[in-house]
Amino acid sequence: MTHEDTRLALPKGRMQAGVLELLNAAGVRVDLGERRYRPTVSVPGFSAKLLKPQNVVEMLHAGSRDLGFAGADWVAELDGSLVELLDTGLNPVRVVAAAPAALAEIGLRNPRPLTVASEYRRLTSRWIEGRRLDATLVRSYGATEVFPPEDADVIVDNTATGATLEANGLEVVDELMTSSTRLYANPRALETPPHRDRIADLVLVLESVLEARKRVMLEVNVDSGRLDELVAILPCMRRPTVSRLHEDGGYAIRVAVLRDALPTLIPLVKARGGTDLVVTAPGQIVA
């Protein structure tokens, strides 16, 4: 580590595996080694440190970290003046208000003051004010879902599937925001050429992996007489790659298409004369 290193914050906990997998797919190897809190990064010019997601936001805001992965919910909660560079789409959650069924049915129109439990003090306070609720906020420190009904009427918490809420007899009554793991930078780091250039390069290779995860390479052969007919239905990024087959045996087409389009696209390709279809998964795509 040198004074010129771009200081990267990596999240501990449930976010860690997905972030490390994304970096590895982009060719950025992170070696946790024995000193697990200060891993080494294979790309020159970067030093890294493992922090809790909330601390990632705080250290980015303070300027002791230049770049880091954190949840959008904690950036909003801690009101960090950060620049969002990339939404990885990893760890998608909703920050919701939830209550026992009896209270959920009347839509929080409770004749007495409410008690709301949450780890999100700022987000919850704004929600209470915005909904004009007569409510007192109680700070929770994890396991917020167990507070109702004895210790709180309502909770504000994040949920991925809603299963934990349901298991505790809670129903969603409002949604405050959606969140995912994103890459943020301290604004000052983007004003310094060495840091700005390294950060831009890292974002480029990470974007190439995220784009590749959404797409597949479709290769298909077609007779000369049906080439234009087939090309017309291919939803390619720009234009398909078309090359002649040996001994004028038609054409080979290669195109990157959205993975989700395959169930409807493959039958259309077959109907328009496509043969010998091959689908492969690219590792990275740079447009």
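Look up: the structure comes first, before these words.
Note that the structure is predicted; figures quoted are calculated from it, not measured.

### Some points on the overall build of the chain
- Along the chain, the regular secondary structure elements total nine helices and 14 strands.
- In terms of C-alpha radius of gyration, the chain reaches 25 Å, well past the compact-globule figure of 19 Å for 287 residues.
- Judged by the C-alpha coordinates and their principal axes, the chain covers about 80 × 55 × 35 Å.
- The buried share of the chain, taken over its 287 residues, is 44%.
- For the chain, restricting intrachain contacts to residue pairs at least 6 apart in sequence, the fraction spanning at least 24 positions comes to 71%.
- A total accessible area of about 15,300 Å² is found for the chain, and carbon and sulfur atoms account for 49% of it.
- Positive and negative side-chain charges in the chain, numbering 34 and 38 respectively, have mean positions lying 4 Å apart.

### A closer look at the sheet that holds strand S8 (residues 135–139)
- Pairing is mixed across the open sheet formed by eight strands, whose spatial order is S4-S1-S5-S10-S6-S9-S7-S8. Where the open sheet ends on each side, the last strands, each with one partner, are strand S4 (46–51) and S8. Neighbour-to-neighbour, the strand axes of the sheet open up by a mean angle of 25°, direction not taken into account.
- Examined bridge by bridge, strand S1 (residues 6–11) and S4 share six bridges and lie parallel to one another. Within the sheet, the bridge partner assigned to Leu 8 lies in S4 and is Ala 48.
- Helix H2 (residues 53–62) rests against S1, S4, strand S5 (67–71) and strand S10 (170–185) of the sheet, and its axis sits at about 135° to S5.

### Quick notes on the environment of Val 205
- By secondary structure assignment, the location of Val 205 is in helix H7 (residues 193–214).
- We classify Val 205 as partly exposed; its relative accessible area is 27%.
- C-alpha of Val 205 to C-alpha of Ala 26: the two residues are 179 residues apart in sequence and 5.7 Å apart in space.
- Not counting residues up to four positions away in its chain, the partners in contact with Val 205 are Ala 26 and Gln 284.

What counts as what
Residues numbered from 1 in each chain as written. Predicted model: local features only at pLDDT ≥ 70, side-chain atom pairs only at ≥ 80, totals over all residues. Heavy atoms only, no water. Helix = DSSP H or I, 4+ residues; strand = E, 2+ residues; numbered from the N terminus. Rg over C-alpha atoms; globule rule 2.2 N^0.38 Å. Buried < 20%, exposed > 50% of the residue type's maximum accessible area, 1.4 Å probe, protein only. Contact = heavy atoms within 4.5 Å. Areas by Shrake-Rupley, 256 points an atom, 1.4 Å probe, with all protein chains shown as cover. Lys, Arg positive; Asp, Glu negative; His and termini not counted. Charge placed at Lys NZ, Arg CZ, Asp CG, Glu CD. Pairing = 2+ DSSP bridges. Axes fitted to C-alpha atoms, helices over the stretch in contact; angles between N-to-C directions.

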